[in-house]
Amino acid sequence: MIHDRSNIMVVLSSPSGVGKTTLAKKIDQNYQSFKISVSHTTRSPRSNEVNGVDYHFITQTEFKKLINDGKFYEHAKIFENFYGTLKKNVDETIKENDILFDIDWQGTKQLSKFKNLNLIKIFLITANKKELKNRLIKRNQNTKEDIEKRFKAFEEDIKHWKDYDYIIINEDIDACFNQIKNIIETHKREVIFFQTIQ
Ligand code: 5GP
């Protein structure tokens with residue numbers, strides 16, 4: 001893979017309902033250089049989701065074929081569905097853009113094994129578990145059963161915070177965004193500096 005070393009890859013992971021999607025959209029809107037990686041999934045689309053924009057929605061058979069053909073950088077089973085990041089999409093996008101990955105801890109672990117990827121790993125958590133459940137309910141995108149599953153997964157998800165470079169507590173979305181901006185801009189400055197001295 002030819003990787004423009006001045007482009008960076010940011011992984012943003014969090015338990016469901018912590019505000020990751022809102023932050024990913026803010027990054028996308030604020031930085032022309034960033035593209036959000038569009039994953040493949042076997043999950044059914046929600047009413048507000050568009051195929052090819054939010055996800056590439058595919059069948060289990062199609063997903064298994066992509067696994068067998070070695071097409072993924074990473075893939076994981078989450079809440080009974082499969083999610084994965086195609087190598088081809090990442091390798092093409094990184095030539096021109098920075099990439100933001102909205103993936104879970106399992107995917108982050110797998111991506112970390114590719115030492116040629118310039119990854120900055122951010123884990124977003126909430127200080128308030130009660131608030132988390134309210135957000136999942138308010139979001140109105142999941143069935144009751146699904147909300148329970150996602151809420152229970154919180155404990156498992158937060159066990160993996162050590163695999164990340166930065167932990168951010170989302171108490172206020174704007175403060176959180178400012179912290180992410182600082183991280184992004186520091187790393188961009190660093191890679192540009194190292195390029196100029198090479
Ligand atoms: P949702 O079903 O709410 O869209 O996503 C559920 C979880 O799957 C989220 O934590 C999200 O970050 C994660 N996810 C989305 N795409 C991928 C992917 O390509 N790989 C992995 N490992 N996780 C993903």
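Every chain is numbered independently, its residues counted from 1 as its sequence is written. Local features in this predicted model are restricted to residues whose pLDDT is 70 or higher, and side-chain atom pairs enter the listing and the counts only when it is 80 or higher, whereas totals over whole chains, interfaces and linings include all residues. The side-chain numbers reported here are obtained from all heavy atoms of the structure, hydrogens and water having been left aside.

Q: How would you explain the sheet that holds strand β6 (residues 81–86) if you had to name every residue and give the values?
A: Spatially, the 4 strands line up as an open sheet ordered β4-β3-β6-β5, and their pairing is mixed. Of all the strands in the sheet, just β4 (56–57) and β5 (72–78) have a single pairing partner and so form its edges. Relative to β4, strand β3 (residues 40–41) is paired through 2 bridges, and the arrangement is parallel. Across the sheet, residue H40 finds its bridge partner in β4, namely H56. Two strands pair if DSSP finds at least two bridges between them. Going along the chain from the N terminus, every DSSP run of H or I of four or more residues is numbered as a helix, and every run of E of two or more is numbered as a strand.

Q: Describe the layout of surface pockets, naming the residues involved and giving the relevant values.
A: Buriedness of a pocket was judged along seven lines, with at least five required to meet protein on both sides within 12 Å; pockets are open sets of points on a 1 Å grid over the protein atoms alone, cavities are sets where a 1.4 Å probe fits but cannot get out, and lining residues have an atom within 4 Å of a point. Grid points are joined across faces, edges and corners, and a volume is the space filled by probe spheres set on the points. Of the pockets and cavities examined, the largest pocket occupies roughly 1,300 Å³. The wall of the largest pocket is formed by 46 residues, among which K20, T21, R46, Y55 and D102 lie closest to the centre. The biggest single contributor to the lining of the largest pocket is helix α1 (residues 20–30), with 6 residues. The residue classification treats Ala, Val, Leu, Ile, Met, Phe, Trp, Tyr, Cys and Pro as nonpolar and Asp, Glu, Lys and Arg as charged. All others, Gly included, are polar. Counted by class, the lining of the largest pocket contains 15 nonpolar, 13 polar and 18 charged residues.

Q: Break down the site of the ligand for me, citing the residues and quoting the values.
A: Not every one of the 16 residues close to the ligand is listed here, only the nearest: S39, R43, Y55, Y83 and D102. S39 is positioned such that a nitrogen or oxygen atom in its side chain is 2.7 Å from an oxygen atom of the ligand. Each accessible area value is a Shrake-Rupley result obtained with a 1.4 Å probe; residue values ignore everything except the protein chains displayed when judging cover. Here the ligand has 510 Å² of accessible area as a free molecule, and 93% of this is covered by the chains. Those elements that provide at least two residues to the shell around the ligand are β5 and β6. We call a residue near a molecule or strand as soon as one heavy atom of that residue lies within 4 Å of the molecule or strand. Here a polar contact is taken to be a pair of N or O atoms separated by no more than 3.5 Å, where protein atoms must pair a possible hydrogen donor with a possible acceptor and residues adjacent in sequence count only if both atoms sit in side chains.

Q: Mind laying out α1, listing which residues take part and the relevant values?
A: Burial classes follow relative accessibility: with a 1.4 Å probe on protein chains only, a residue under 20% of its type's maximum area counts as buried, one over 50% as exposed, and anything between as partly exposed. All of the buried residues in α1 are K20, L23, A24 and I27. Projected down its long axis, α1 shows its buried positions confined to an angular sector of 100°, all on one face. Here, two residues are considered to be in contact whenever any of their heavy atoms come within 4.5 Å of each other. Among the structural elements, β1 (9–13), β2 (34–36), β7 (98–102), β8 (119–125) and α7 (173–197) are those in contact with the buried residues of α1. Along the arc lie the directions from the helix axis toward the C-beta atoms.

Q: Break down the pairing of β8 for me, citing the residues and quoting the values.
A: Summarising burial for β8: 7 of the 7 residues are buried, a large majority. On β8, burial covers both faces: L119, K121, F123 and I125 on one face and I120, I122 and L124 on the other are all buried. Here β1 runs beside β8; their pairing, made up of 5 bridges, is parallel. Considered in β8, the bridge of L12 is made with I122. The pairing of β8 with strand β9 (residues 166–169) spans 4 bridges and is parallel. The partner of F123 across the bridge, within β9, is I167.

Q: Outline the nonpolar core, listing residues and values.
A: The nonpolar side chains of a soluble globular protein tend to be buried, and buried together. Residues V10, I27, F34, I122, I180 and I184 are the most contacted members of the largest nonpolar core, which totals 25 residues. At 6 residues, the largest contribution of residues to this core is made by α7. The set of buried Ala, Val, Leu, Ile, Met, Phe, Trp, Tyr and Cys residues whose side-chain atoms join them within 4.5 Å is what this entry labels a nonpolar core. By size, the runner-up hydrophobic cluster in this structure holds 15 residues, among which are V90, W105, L117 and Y164.

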